[in-house]
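# Descriptive analysis of the structure
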Amino acid sequence: MTASTAPLFDRVAIIGIGLIGSSLARAVAEYGLARTVVCGDRSEAACIKAMELGIVDAAYTDPVTAVDGADLVVLATPVGTFAAVAEEIGLSLAPGAIVTDVGSVKQVVLRDVAPSLPDGVHLVPGHPVAGTEHSGPEAGFAALFQGRWCILTPPPGTQAEATEKVAELWRRCGSKVEIMEASHHDRVLAITSHLPHLIAYTIVGTAADLEEDTKSEVIKFSAGGFRDFTRIAASDPVMWRDVFLNNREAVLEILQRFTEDLTALQRAIRWGEGDLLQETFTKTRAIRRGIIDAKQA
Ligand code: NAP
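## Overview of the sheet that holds strand β4 (residues 72-75)
The 6 strands lie next to each other as β3-β2-β1-β4-β5-β6, forming an open sheet whose pairing is parallel. A strand with exactly one partner marks an edge of an open sheet, and here the two such strands are β3 (58-60) and β6 (122-124). With strand direction ignored, the average angle separating the axes of adjacent strands in the sheet is 20°. With 4 bridges joining them, strand β1 (residues 9-15) and β4 adopt parallel strand pairing. Within β4, the residue paired with A13 across the bridge is V73.

See the structure below:
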């Protein structure tokens with residue numbers, strides 16, 4: 001076995017075998033990244049499904065049993081559960097083990113997970129910027145992370161070797177890895193991911209509140225732009241509730257700026273300022289082209 005194909009870990013324990021956890025489990029098995037991969041999920045149905053799908057070697061509803069002997073533990077539950085899960089497993093973690101996560105918000109990991117980890121256990125928070133609107137173990141697929149960014153936010157003082165091992169895990173899953181501060185991550189993701197989801201939830205909610213006639217028209221003519229919002233607004237409600245509750249400040253700050261920009265466009269429409277509208281839409285079109293060029297479309 002060459003260095004680049006040897007397993008990186010002996011035993012990987014993934015807590016939460018939903019979309020992201022099961023995608024990672026598949027990738028770990030498919031690319032030979034660990035000798036054994038197990039999961040811990042409070043949902044017995046998810047555990048049974050993960051075993052049926054053959055994506056883990058063992059599945060446990062008790063997270064303490066799941067992390068027993070693991071040299072890598074991945075938290076892949078909604079971020080609102082991190083504190084409780086970390087508290088439950090903390091004292092059972094093997095000395096030298098690495099704990100990482102896939103949560104969409106990063107400062108919360110330092111706040112909620114770090115205090116429960118004993119000395120000698122390394123925390124390397126992470127966020128694969130990849131996903132779909134689907135949930136559960138059946139929704140996952142190994143290629144989900146291919147060509148996507150994975151952002152790691154190790155706090156100052158994190159062992160460099162631990163950070164590098166987690167980075168290498170994601171690189172072998174096909175991701176590009178970037179390292180940044182947790183607070184910076186949360187601000188960037190507030191505009192690129194959290195605000196768009198909030199807007200989608202709002203638009204679809206507003207449409208759903210319209211009277212019965214219009215609602216049927218909304219579905220009928222959804223191809224006119226609304227359809228893309230309905231896909232985003234179908235994203236997991238619990239996961240997104242936890243994102244907004246745990247990235248409150250950054251989201252509120254970005255929402256304030258967005259509201260001001262929206263008001264400017266509202267004024268432009270009211271006063272017939274076509275130049276301003278065209279100028280804004282031309283600028284945004286160039287951003288879309290940039291995303292396509294960066295192969296992130
Ligand atoms: P998901 O498909 O809903 O799966 C989450 C799984 O965790 C479910 O099986 C759930 O069981 C289980 N779970 C919940 N609380 C638990 C607990 N306390 N202990 C053990 N298991 C528990 O979620 P996901 O979309 O994979 O998201 C997981 C994480 O990835 C979140 O932190 C999210 O922020 C992050 N993330 C998501 C995306 C995305 O696009 N979805 C992208 C990047 C990162 P129940 O069904 O019983 O609740």
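Next comes the rest of the description.
## A short note on the site of the ligand
Around the ligand, the surrounding shell holds 25 residues, and the nearest of these are I20, D41, R42, T77 and S104. Taking 910 Å² as the accessible area of the ligand by itself, protein coverage stands at 83%. Going through the elements one at a time, α1 (19-30) and β7 (126-128) are the ones with two or more residues in the shell around the ligand. Residue classes in the shell around the ligand are distributed as 10 nonpolar, 12 polar and 3 charged.

## A short note on α1
Note on helix geometry: an α-helix contains 3.6 residues per turn, so any two residues three or four positions apart are oriented the same way. Its 12 residues give α1 an end-to-end C-alpha distance of 16 Å, which sits within 8% of 16 Å, the value for a rise of 1.5 Å per residue. Counting buried positions over the 12 residues of α1 gives 10, a clear majority of the element. Positive backbone phi, approximately 60°, marks G32, located one or two places after α1.

## Points about the nonpolar core
One finds L24, L169 and W170 to be the most contacted residues of the largest nonpolar core, which totals 37 residues. Going through the elements one at a time, β1, α1, β2 (34-40), α2 (44-53), β4, β8 (149-152) and α6 (160-172) are the ones with two or more residues in this core. For this core, the element with the highest residue contribution is α1, accounting for 6 residues. Of all hydrophobic cores here, the second largest spans 31 residues; its members include V38, V79, V99 and V243.

## With respect to the pattern of salt bridges
When their charged atoms lie close together, side chains carrying opposite charge are able to pair. By the definition in use, this model includes 10 salt bridges. R171 is paired through a salt bridge with E164; the nearest N and O atoms lie 2.5 Å apart. The partly exposed category is assigned to R171, whose relative accessible area is 37%. Owing to a relative accessible area of 41%, E164 belongs among the partly exposed residues under this scheme. A salt bridge links D242 to R241; the shortest N-O distance between them is 3.0 Å. By relative accessible area, which is 4% here, D242 ends up buried. The partly exposed category is assigned to R241, whose relative accessible area is 47%. Through salt bridges with shared partners, a single ionic network connects E164, E168, R171 and R172.

Thresholds, definitions, all that
Residues numbered from 1 in each chain as written. Predicted model: local features only at pLDDT ≥ 70, side-chain atom pairs only at ≥ 80, totals over all residues. Heavy atoms only, no water. Pairing = 2+ DSSP bridges. Helix = DSSP H or I, 4+ residues; strand = E, 2+ residues; numbered from the N terminus. Axes fitted to C-alpha atoms, helices over the stretch in contact; angles between N-to-C directions. Near = heavy atom within 4 Å. Areas by Shrake-Rupley, 256 points an atom, 1.4 Å probe, with all protein chains shown as cover. Nonpolar A, V, L, I, M, F, W, Y, C, P; charged D, E, K, R; others polar. Expected span 1.5 Å × (residues − 1). Buried < 20%, exposed > 50% of the residue type's maximum accessible area, 1.4 Å probe, protein only. Core = buried A, V, L, I, M, F, W, Y, C linked by side-chain atoms within 4.5 Å. Salt bridge = Lys/Arg side-chain N within 4 Å of Asp/Glu carboxyl O.

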